[in-house]
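# Structural features, examined
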Amino acid sequence: DLHPGNILVTETSGGDLELNVLDAGIYGSLSESDSRLLSQTFSSIVTGDSERVARLFLERSVHECTSKEAFVAEMRALVDTARGVQLTLDRVDVSELLQNLFSILTRHRVRLDAAFSSVVLAIMVLEGLGRSLDPSLDLLTCAAKYIVR
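Predicted model, so just to flag it, every value in this text is computed and none were measured. The residue numbering used here restarts from 1 in each chain and proceeds along that chain's sequence as written. Whole-chain, interface and lining totals are the exception, using all residues; otherwise, since this is a predicted model, local features are given only for residues with pLDDT of at least 70 and side-chain atom pairs are given and counted only at 80 or more. Note that water and hydrogens are dropped before the side-chain values are worked out from all heavy atoms of the structure.

Moving on, we come to the overall build of the protein. The helix and strand labels rest on DSSP assignments: H or I over at least four residues marks a helix, E over at least two residues marks a strand, and numbering proceeds from the N terminus. From N to C terminus, the protein includes 6 helices and 4 strands. Moving toward the C terminus, one meets the helices and strands of the protein in the order β-β-α-α-β-α-α-β-α-α. Between two residues, a contact is recorded if the distance between any of their heavy atoms is within 4.5 Å. Put simply, 65% of the contacts in the protein that link residues at least 6 apart link residues at least 24 apart. All accessibility values rest on the Shrake-Rupley procedure with a 1.4 Å probe; residue burial counts only the protein chains present in the view. Carbon and sulfur atoms form 54% of the exposed surface of the protein, whose accessible area is close to 9200 Å².

As structure tokens, then:
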């Protein structure tokens, strides 16, 4: 039940901050293949490989996309636009970015897997928390060390 009221930020004895989920009564988990797909997708975004992002969506979804070239072009534009600015929470509206993603998927009749949709919704909740904690946080710099291995 991921919402800001169920997330507690605490400080460890070493001075680091930890996020604690208070109510995990309803939760989901990703299969190994879904986890790998999510990691590959975020890694491709971090490294700027926008065409790979589009290919991953097409390869791992049920779709009725009639113009894969147009889908790839729109995904490239979305990723390139997002990467064109410093991805800090005060400059990028992650919710708007994800809404644009859903619009592209809908327009091209690409269905997002339910597990991936849950992750997207969790990201939207965490964006609001992150924005209130540190709006100058650079998302790509932070994420790169965890995603690109």
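Now that the structure has been shown, the text picks up again.
Let us now look at the nonpolar core. In terms of nonpolar packing, the biggest core is built from 20 residues, with Phe-57, Phe-71, Met-75, Leu-101, Leu-105 and Val-110 touching the most fellow members. Elements supplying a minimum of two residues to this core: helix H2 (50-59), helix H3 (68-83), helix H4 (94-107) and helix H5 (114-133). The contacts of Leu-105, once residues within four sequence positions are left out, are Phe-57, Phe-71, Val-110 and Leu-112. Throughout this description, the term nonpolar core refers to a set of buried Ala, Val, Leu, Ile, Met, Phe, Trp, Tyr and Cys residues connected via side-chain atoms within 4.5 Å. Here the term buried applies to any residue with accessible area under 20% of the maximum for its type, exposed to any over 50%, and partly exposed to those in between, with areas from a 1.4 Å probe on protein chains only.

It is worth spelling out the pairing of strand S1 (residues 7-11) at this point. Two strands pair under a simple rule: DSSP has to find at least two bridges between them. Relative to strand S2 (residues 17-21), S1 runs antiparallel, the two being bridged by 5 bridges. Bridge pairing in S2 places Ile-7 opposite Val-21. Between S1 and S2, which pair antiparallel and follow one another directly, the connecting turn spans 5 residues, one of which, Gly-15, has a positive phi of 90°.

This part is about H4. For the α-helix, the turn length of 3.6 residues means that residues three or four positions removed from each other point alike. Here a helix's expected span is defined as the number of its residues, less one, multiplied by 1.5 Å. Between the first and last C-alpha of H4 there are 20 Å, a value that for 14 residues agrees with the 20 Å anticipated at 1.5 Å per step. Taken residue by residue, H4 has Val-94, Ser-95, Leu-98, Leu-101, Ile-104 and Leu-105 as its buried positions. Once H4 ends, the next one or two residues include Arg-109, with phi positive near 60°.

Under this scheme, a helix contributes an axis fitted over its contacting stretch, all axes are lines through C-alpha atoms, and angles between N-to-C directions fall in the 0 to 180 degree range. H2 packs onto helix H1 (residues 32-47) with a crossing angle of 160° between their chain directions and a minimal axis gap of 8 Å. In terms of axis orientation, H1 runs roughly antiparallel to H2. Once H1 is placed against H2, the crossing between them reads as left-handed. In this structure, H1 uses Leu-37, Gln-40, Thr-41, Ser-44 and Ile-45 to contact H2, whose residues at the interface are Arg-52, Val-53, Leu-56 and Phe-57. The cut-offs work like this: below 35 degrees is roughly parallel, past 145 is roughly antiparallel, 65 to 115 is roughly perpendicular, and the gaps in between are oblique. The hand of a helix crossing depends on one turn: near helix anticlockwise from the far one by less than a right angle means left-handed, and clockwise means right-handed.

Each pair of packed helices gets described by two things: the angle between the helix axes and the distance between those axes. One way to put it is that H3 packs onto H4 with a least axis distance of 10 Å and a crossing angle of 175°. For the element pair H3 / H4, the angle class is roughly antiparallel. Taking contact as the criterion, the partners of Phe-71, Glu-74, Met-75, Leu-78 and Ala-82 in H3 are, on H4, Leu-97, Asn-100, Leu-101, Ile-104, Leu-105 and Arg-107. Here the nonpolar group is Ala, Val, Leu, Ile, Met, Phe, Trp, Tyr, Cys and Pro; Asp, Glu, Lys and Arg are the charged ones; every other residue, Gly included, is treated as polar. Residue composition of the contact of H3 with H4, by class: 8 nonpolar, 1 polar and 2 charged.

Glancing now at the pattern of salt bridges. Any carboxyl oxygen of Asp or Glu within 4 Å of a side-chain nitrogen of Lys or Arg constitutes a salt bridge here. Applying the stated rule across the entire model yields 6 salt bridges. One salt bridge connects Arg-107 with Glu-74, and the closest N-O pair in it is separated by 2.6 Å. Remark: Glu-74 occurs in helix H3 and Arg-107 occurs in helix H4; sequence separation between them is 33 residues. The partly exposed category is assigned to Glu-74, whose relative accessible area is 24%. The network of salt bridges with shared partners includes Glu-64, Arg-109 and Arg-111.

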